[in-house]
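Read off the chains here:
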Amino acid sequence: MEFRPEKKLGFGMMRMPTIDPNNAADVDVEQVSKMVDMFLERGFTYFDTAWMYNGFASEDVVKKALVDRHPRESFTLATKLHSGFFNSFEGRDEVFNEQLRKTGAGYFDYYLIHGIESDMLDKYEKFKCFDWLLDKKEKGLVRHAGFSFHDKPEVLDKILTDHPEMEFVQLQINYLDWESEWIQSRACYEVAVKHGKPVIVMEPVKGGTLASLPAEAEKLFKDYDDSKSIPSWAIRFVASLENVMVVLSGMSSIAQMDNNTSFMGDFVPLNETEKQMCFKAADIIKSQITVPCTACHYCTEGCPMNICIPEYFSLYNEDMREDMEKKGWTINFSNYDTMARSHGKAGDCIACGQCEGVCPQHLQIIDLLKDVSAHFER
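Quick caveat: nothing in here was measured; it's all calculated off a predicted structure.

**What about the overall build of the protein?**
Looking only at helices and strands, the protein features 17 helices and eight strands. In terms of C-alpha radius of gyration, the protein reaches 20 Å, essentially the compact-globule figure of 21 Å for 378 residues. Seen along its three principal axes, the alpha-carbon backbone of the protein occupies a region of about 65 × 45 × 45 Å. Burial analysis of the protein (378 residues in total) assigns 55% to the buried set. Considering only intrachain contacts with a sequence separation of at least 6, the fraction spanning at least 24 residues in the protein is 76%. Counting 41 positive and 60 negative side-chain charges, the protein places the centres of these two groups 2 Å from one another.

**So, the environment of Val191**
Within the element layout of this structure, Val191 appears in helix α8 (residues 185-194). Sequence spacing of Val191 and Lys158 is 33 residues, and the spatial spacing of their C-alpha atoms is 9.9 Å. The contacts of Val191, once residues within four sequence positions are left out, are Pro153, Leu156, Asp157 and Leu160.

**Remarks on helix α15 (residues 331-342)**
Those residues of α15 not exposed but buried are Asn332, Phe333, Tyr336 and Ala340. All buried residues of α15 lie within an arc of 105 degrees about the axis, which places them on one face of the element. More than 90 degrees from the buried face of α15, the exposed residues found are Ile331 and Arg341.

**Here's the deal with the sheet that holds strand β4 (residues 108-116)**
Strand pairing in a sheet is mediated by backbone hydrogen bonds. Such pairs are either parallel or antiparallel. Strand order in this closed barrel of eight strands is β1-β2-β3-β4-β5-β6-β7-β8, and the pairing throughout is parallel. Adjacent strand axes in the sheet meet at a mean angle of 30 degrees when their direction is disregarded. Along the sheet, helix α4 (residues 89-103) contacts β3 (76-82), β4 and β5 (142-149); its crossing angle with β4, the most-contacted strand, is approximately 135 degrees. Packing against the sheet, helix α10 (residues 230-239) makes contact with β7 (199-202) and β8 (244-249), and its axis sits at approximately 155 degrees to β8.

**Comments concerning the nonpolar core**
Side chains of nonpolar character tend, in soluble globular proteins, to be buried together. If you look at the biggest cluster of nonpolar residues, it comprises 89 residues, and the most contacted ones within it are Phe47, Phe147, Phe149 and Tyr175. Ranked by residues supplied to this core, first place goes to α10 with seven residues. In this view, Phe149 contacts Gly115, Ile116, Val155, Leu156, Ile159, Val169, Gln170, Leu171, Cys188 and Met202; residues no more than four positions away in its chain are not counted. Phe313, Leu315, Cys359 and Phe376 belong to the second-largest nonpolar core, a separate cluster that totals 23 residues.

**Some remarks on the packing of aromatic side chains**
All told, the structure shown has 29 aromatic pairs when counted by the stated rule. Between Tyr46 and Tyr110, the aromatic rings sit 4.9 Å apart at their centres with planes inclined by 50 degrees, giving tilted as the arrangement. Here Tyr110 lies in strand β4 and Tyr46 lies in strand β2 (residues 46-48), a separation of 64 residues in the sequence. With a centroid separation of 6.3 Å and 55 degrees between ring planes, the pair formed by Tyr175 and Phe221 is classed as tilted. Taken together, the positions of Tyr175 in the loop between β6 (168-172) and α8 and Phe221 in helix α9 (residues 215-224) put the pair 46 residues apart, joining distant regions of the chain. Both residues of the pair, Tyr175 and Phe221, belong to the buried class. Three or more aromatic residues link up through ring pairs in this structure, and these residues are Tyr175, Trp178, Tyr189, Phe221, Tyr224, Trp233, Phe237 and Phe279. Above the face of the Phe44 ring, Lys7 is positioned so that its terminal group lies 5.6 Å from the ring centre. Positioned above the aromatic ring of Phe96 is the side chain of Lys136, whose terminal nitrogen or guanidinium carbon lies 4.8 Å from the ring centre.

**A word on the state of the cysteines**
Per the counting criterion, the structure on display carries zero disulfides. Considering cysteine sulfurs only, Cys299 is the nearest to Cys296, which forms no disulfide, with 6.1 Å between them. Its relative accessible area of 16% is what places Cys296 among the buried residues. We note that Cys349 lacks a disulfide partner, and the nearest cysteine sulfur, in Cys355, lies 6.0 Å from it.

**Thoughts on the environment of Asn174**
Note that Asn174 resides in the loop between β6 and α8. Expressed as a C-alpha distance, the spacing of Asn174 and Val201, which sit 27 residues apart in the sequence, is 8.4 Å. With sequence-adjacent residues up to four places away left out, Asn174 is seen in contact with Ser185, Glu203, Pro204, Lys206, Leu210, Phe237 and Val238. Only 3.0 Å separates the side chain of Asn174 from the backbone nitrogen of Leu176, close enough to count as a polar contact.

**Let's talk about the pairing of β5**
Counted residue by residue, β5 has seven buried out of eight residues, so it is predominantly covered. Bridging between β4 and β5 involves six bridges; their strand directions are parallel. Each residue of the ladder has a partner; that of Leu112, found in β5, is Gly146. Alignment of β5 against β6, held across four bridges, turns out to be parallel. Bridge assignment links Phe147 to a residue of β6, and that residue is Val169. What joins β5 to β6 is helix α7 (residues 153-162), and the crossover it makes is right-handed.

Conventions used here
Residues numbered from 1 in each chain as written. Predicted model: local features only at pLDDT ≥ 70, side-chain atom pairs only at ≥ 80, totals over all residues. Heavy atoms only, no water. Helix = DSSP H or I, 4+ residues; strand = E, 2+ residues; numbered from the N terminus. Rg over C-alpha atoms; globule rule 2.2 N^0.38 Å. Buried < 20%, exposed > 50% of the residue type's maximum accessible area, 1.4 Å probe, protein only. Contact = heavy atoms within 4.5 Å. Lys, Arg positive; Asp, Glu negative; His and termini not counted. Charge placed at Lys NZ, Arg CZ, Asp CG, Glu CD. Arc of directions from axis to C-beta. Pairing = 2+ DSSP bridges. Axes fitted to C-alpha atoms, helices over the stretch in contact; angles between N-to-C directions. Core = buried A, V, L, I, M, F, W, Y, C linked by side-chain atoms within 4.5 Å. Phe/Tyr/Trp six-rings, centres within 6.5 Å; stacked < 30°, edge-to-face > 60°. Lys NZ or Arg CZ within 6 Å of the ring centre and 35° of its normal. Disulfide = S-S within 2.5 Å. Polar contact = N/O pair within 3.5 Å; in protein donor to acceptor, adjacent residues only side chain to side chain. Right-handed = clockwise from strand over helix to strand, strands pointing away.

Nothing here speaks to function; it is geometry throughout.
Okay, here's the thing in C-alpha cells:
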C-alpha cells in the first residue's frame, strides 16, 4: 500500500521513561527527546500515541519531544479515539480537537478507533464513529483511517465486512499469543489478510514478557545466535509476516531504542527454522508464566483503590518461577511492600470489576489479585 512506512519499526509512546517511577505522567522528556532523535536519525518515522497513554501525558510529550523539535514532514503520527472518553456526538470532536491542541501536529497521519471489543463496538456504531473518522479524513485532518482491535476473529471479520473503508487494522500479535485461546493472534491476522488490510502490530514483546525469558527459552535463542538480543526475536517474528506494515515497540529507554533500531534498520526476516524456535520458546514460557499481563495499565486508570495491578502481577510471576518451598522468601516481598506504601495492596481490591471490563487480555483480575494477596500479604 502506498501509505506504508519505509521501515517497519514504530515508536510506541505508551511506556516512556519516567522520573518518578510511581507516576506514569512524570515523563522524562529529555530522555524521550534523545530517543526521538535517534529514531529519526536512523530512518524511522512512525510514532504512536493515544489519549490515555503514560497517565494521559503521552500526547503532551509528543509535542515537546517530537512536534516542536522536528519538521512535520519528517515523521508520521498516529493517535486514537477511545470509547471511554466520550458520551455524545459532540464528545468525539472534543477529544479530537484536544488531541490536535495537545500534540500541535496540525493533522494526524493515522487515526484509529481504539481497542474495539464487542461491547465497545455498539458505542462506536451508536455514535457513528466510522463515518465521523472518514469525515475527518475528507477534511484533511486525518490522512489514513483504521482501528485497533482486541476481540475474536469473527468480530474482526464483521467489522471489516461492514466497514471496508477502513484502511488498516492494529492487532496484538506475538509468538506467545499466536495460538492463544483469548488473543488468537494468528486467526485475527488471517482475517485482516483475507480483507486485504495492512496490519500494525501492537504488543510484539507482550509488555516485556518476551524480553526476559525463562533460562531454558533464552538458552534456545542464545545457542542458535548469541549476537542477537532476546527481544529482537519477538520483534522480527512479527515483522516477518508479509502483511505487517509497522511493528510498534513501547520503548522506555535509550538502550532499548538503540537495540531495536539496530536490527530493524536493515531488517532480515526469520527463516523457517527460526520461526519454529519462537514457537518452541512459547511452549517453554507457557509452562512457567502465571499471569499473562502486558502491563498496558488500562486497568489502573480507574481503580478506586489505586492498586498497581501490572506491577504486582510482574512480581508474582517472578516468584511463581522460583522454587518457593526452598526459598520461602524473595526480594519481591520487599518490592511488594515498597509499592504498597504508595498504592493499594492487592488485598484492598473491592471487586468493582472496572479493571476486568477494560483488560485487553481478558484476565480474571479480581481472582488473580486474591492470589497475589495470599502470596505477598501472608
